[in-house]
Amino acid sequence: MLILLAAISVACKEIQDKPVVSRTDTSAKFEEPLRPQFHFSPPSGWGNDPNGLVYHEGVYHLFYQYYPNATVWGPMHWGHAVSKDMVQWEHKPIALFPDNKGMIFSGSAVVDHQNTSGFAKDGKVPLVAIFTYHSMQGEKSGATDFQTQGIAYSLDNGDTWAKYEGNPVLGNNGVKDLRDPKVFWHEETQSWIMVLVAGDHAKLYRSKNLKDWDNISDFGEEQGAKGGVWECPDLFPLIVEGTDVKKWVLIISIGSGGPNGGSATQYFVGDFDGTTFTSDQTQYKWLDWGADNYAGVTYNNTPNGERIFIGWMSNWQYALKTPTTPWRSAMTLPRKLSLQKIDDEYVVYNYPLSAVESLADVTKGKEEIISAGENYAEQHENLNNALVSFTVPKQDFKLSLSNEKGEKTALLLDASSNLLLLDRTQSGSTDFHYEFGNKLHYAALENLSNTLEIDIFMDASSIEVFLNKGQYVMTDQLFPSVPYTQLEIENLSTGELHIKDLQVRPIRSVGLD
Ligand code: FRU
């Protein structure tokens, strides 16, 4: 990220620049090659982290790190889209522009129901965005206090925003990477809590009015993966499935040092007493083992308290080079988070919302028995818009999706080593960056049942693999030159392989009529 910042510093100007966002006719219909058909992607230009995820008055807001003037990272704005179901998105005008205090980096948004901020007017409840100001001038001058936290509010459900004249609401006394505030209302203490990252750990703050903040505790100086600076934190409660036990989950992204190289998202399960978050977790836990799920956070204020997560579907290793135009990057599917306790271990599951599955055709599952060493294959019109599901015993197998150009993506289960492997080395265009296709990606499996349920959501330029409805997840980008059409399952075990409930369900595009 720092290299990136340096690289664009020349081009960067801390002024209001107000480009017009528009889709071309073809992109409005999602007709460009590789354009995601049921994932959110910016109309054009560059996007990264999801920001300000909040539900208000029937609308899910998705703000995001956005640079409209090029398909590479630049002076950050908050792009904006809205949806009623988190599947069909409507693009809105840019919400927040850089100003003389800096670019608008990542952050969150809350609904200030009780008008603690005093921003309400004529009975209109304010939406308040809390974000990081990144001063390019400050960074260039060699200062270390160039990231501060600011707020802005909207009284028209996110359409227009006013920045608070008292910004920044939280200064910086020399912490180089101090950013990405996630704020939520804490009912028990009747206060706002902010979790912020500070280099290699997280800091918690409390406020009564979203303007005055006190540092109440720190977490993680001695814990967790530290392969890159900590970014994009989130802290929220989840009830352990099948119990009434409440635990707290802290999500932290790291820019490099993920299990398969580059960016990844780790989590800690523990307790939060209104002041301090503690976790006795000793091992690293990854929310997603794939290479392309970063900077994800969850929604505030969901109607029934559901914990819904969206991540940025890319990786800083090669994000600036992926072969799409006139936009670059997309979000993961919206996923519901849940917490399971398996053999004394807490596991955060993540699985797409049912609204996504309802885009898939209803088909009838079939059974296939494949002899040892044999293959089963079937042809389809377009496997890049499909949900492929089946159950399989915990035995070695390989599933490949391929096209007539010989490009293919494969998923392998190595049962004796407890590894799930995703192979995109020959998936299509890979040579835009040497890190993209240079190795197999793995997930290290623990506490696995004897029957595995597998769901694979394929879009034009991505694969999301869910094992046992989200116990293990792998998200990777793919750039095939033409869609995959052949599905093949190879039995790599020594006994018969019984595949059950095999379904290939075409998924409807949310862009094409
Ligand atoms: C994560 C991140 C954040 C920062 C934003 C800048 O991808 O580096 O820490 O706020 O991107 O665009």
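Residues numbered from 1 in each chain as written. Predicted model: local features only at pLDDT ≥ 70, side-chain atom pairs only at ≥ 80, totals over all residues. Heavy atoms only, no water.

Colleague: Looking at this structure, I do not really get the site of the ligand. What am I missing?
Modeller: Lining the immediate surroundings of the ligand are 13 residues, of which Asp-49, Gln-65, Arg-179, Asp-180 and Trp-316 lie closest. For the ligand, an oxygen atom lies 2.8 Å from a polar atom in the side chain of Asp-49. For the ligand, an oxygen atom lies 2.9 Å from a polar atom in the side chain of Glu-231. Summarising the interface, the protein chains cover 100% of the accessible area of the ligand, which totals 320 Å² for the free molecule. Those elements that provide at least two residues to the shell around the ligand are strand E1 (45–56), strand E5 (103–111) and strand E9 (178–186). A per-class count over the shell around the ligand returns 6 nonpolar, 3 polar and 4 charged. (Near = heavy atom within 4 Å. Polar contact = N/O pair within 3.5 Å; in protein donor to acceptor, adjacent residues only side chain to side chain. Areas by Shrake-Rupley, 256 points an atom, 1.4 Å probe, with all protein chains shown as cover. Helix = DSSP H or I, 4+ residues; strand = E, 2+ residues; numbered from the N terminus. Nonpolar A, V, L, I, M, F, W, Y, C, P; charged D, E, K, R; others polar.)

Colleague: Which parts of the structure should I look at to understand the domain arrangement of the chain?
Modeller: Each assigned domain of the chain is listed here: domain 1 (5–19 + 45–352) and domain 2 (361–506). Put simply, the middle of domain 1 and the middle of domain 2, counted by C-alpha atoms, are 31 Å apart. If you look at the interface, domain 1 gives 30 residues, while domain 2 gives 30 residues. Each partner contributes to the roughly 2,500 Å² buried at the junction of domain 1 and domain 2, and carbon and sulfur atoms together form 57% of this total. Interface area lost by domain 1 to domain 2 is led by Asn-260, Trp-289 and Tyr-351, which between them contribute 26%. At the boundary of domain 1 with domain 2, the tally comes to 2 salt bridges. Glu-464 is the salt-bridge partner of Arg-335, the closest N and O atoms lying 2.7 Å from each other. Inspection of the domain 1/domain 2 interface yields 20 residue pairs in polar contact (both at pLDDT 80 or more). Those elements that provide at least two residues to the side of domain 1 that touches domain 2 are strand E20 (335–342) and strand E21 (345–352). (Domains from an automatic or database assignment. Contact = heavy atoms within 4.5 Å. Buried area = accessible area lost by both parts, 1.4 Å probe. Salt bridge = Lys/Arg side-chain N within 4 Å of Asp/Glu carboxyl O.)

Colleague: What is the right way to read unusual backbone geometry from this model?
Modeller: Leaving glycine out, the prevailing phi sign among residues is negative, and the prevailing peptide bond configuration is trans. Cis geometry marks the peptide bond from Asn-167 to Pro-168; its omega dihedral reads 0°. Relative to the elements of secondary structure, Pro-168 occurs in the loop between strand E8 (162–163) and E9. In this chain, Thr-325 is followed by Pro-326 through a cis amide linkage whose omega measures 10°. Position of Pro-326 among the secondary structure elements: in the loop between strand E18 (308–312) and strand E19 (327–328). With phi around 70°, Met-86 is a residue other than glycine that occupies positive phi space. In this fold, Met-86 is placed in the loop between strand E3 (77–83) and strand E4 (89–96). For Asn-468, which is not a glycine, the phi torsion comes out positive at approximately 50°. Checked against the element boundaries, Asn-468 lands in the loop between strand E30 (462–467) and strand E31 (472–477). Given the relative accessible area of 12%, Asn-468 is considered buried. (Buried < 20%, exposed > 50% of the residue type's maximum accessible area, 1.4 Å probe, protein only.)

Colleague: Help me understand the sheet that holds strand E10 (residues 191–198), please; the structure alone is not making it clear to me.
Modeller: The strands making up a sheet associate through backbone hydrogen bonding, with each pair oriented either parallel or antiparallel. One open sheet holds the 4 strands; their spatial order is E9-E10-E11-E12, and the pairing between them is antiparallel. With one partner strand each, in any of the chains shown, E9 and strand E12 (214–219) form the two edges of the open sheet. Averaged over all pairs of adjacent strands, the angle between strand axes in this sheet comes to 25°, irrespective of strand direction. Judged from the 7 bridges that link them, E9 and E10 form a sheet pairing that is antiparallel. Across the sheet, His-186 pairs through a bridge with Ser-191, a residue of E10. (Pairing = 2+ DSSP bridges. Axes fitted to C-alpha atoms, helices over the stretch in contact; angles between N-to-C directions.)

Colleague: Which parts of the structure should I look at to understand the sheet that holds E5?
Modeller: What the 4 strands build is an open sheet, ordered E5-E6-E7-E8; its pairing is antiparallel. Each end of this open sheet is capped by a strand with a single partner; those strands are E5 and E8. Sheet analysis places strand E7 (residues 147–154) next to E8, joined by 2 bridges and oriented antiparallel. Its bridge partner being in E8, Tyr-153 is matched across the sheet by Ala-162.

Colleague: What should I look at first to understand the pattern of salt bridges in this one?
Modeller: Two side chains with opposite charge may pair up if their charged atoms get near one another. On inspection of all chains with the given rule, the structure shows 21 salt bridges. Between Arg-35 and Glu-32 there is a salt bridge, and its shortest N-O distance comes to 2.8 Å. Given the relative accessible area of 0%, Arg-35 is considered buried. Note that Glu-357 is salt-bridged to Arg-505, the shortest N-O span being 3.3 Å. Here Glu-357 is found in helix H4 (residues 354–357), whereas its partner Arg-505 is found in strand E33 (residues 497–506), with 148 residues between them in sequence. On the basis of relative accessibility, which here comes to 12%, the residue Arg-505 falls in the buried class. Linked through salt bridges whose partners overlap, the residues forming this network are Lys-176, Asp-177, Arg-179, Asp-180 and Glu-231.

Colleague: Just checking my understanding: could you explain the packing of aromatic side chains for this structure?
Modeller: Given two aromatic rings, one states the distance between the centres and the angle between the planes to describe the pair. Scanning the entire structure with this criterion turns up 33 aromatic pairs. Residues Phe-184 and Phe-272 carry aromatic rings whose centres are separated by 6.4 Å and whose planes lie at 70° to one another, so their mutual orientation is edge-to-face. Of this pair, Phe-184 sits in strand E9 while Phe-272 sits in strand E15 (residues 264–272); the two residues are 88 residues apart in sequence, bridging distant segments of the chain. Taking the relative accessible area as the measure of exposure, Phe-272 reaches 8% and is therefore buried. Measuring from centroid to centroid gives 5.2 Å for Tyr-351 and Phe-466, while their planes differ by 70°, and the two rings are edge-to-face. (Phe/Tyr/Trp six-rings, centres within 6.5 Å; stacked < 30°, edge-to-face > 60°.)

Colleague: Sorry, what's going on with the pairing of strand E17 (residues 294–298) here?
Modeller: Within a regular strand, the side chains alternate between the two sheet faces. A large share of E17 lies buried, amounting to 5 of its 5 residues. In this sheet, E18 lies alongside E17 in antiparallel orientation, the contact comprising 3 bridges. Paired with Tyr-294 across the bridge in E18 is Trp-312.

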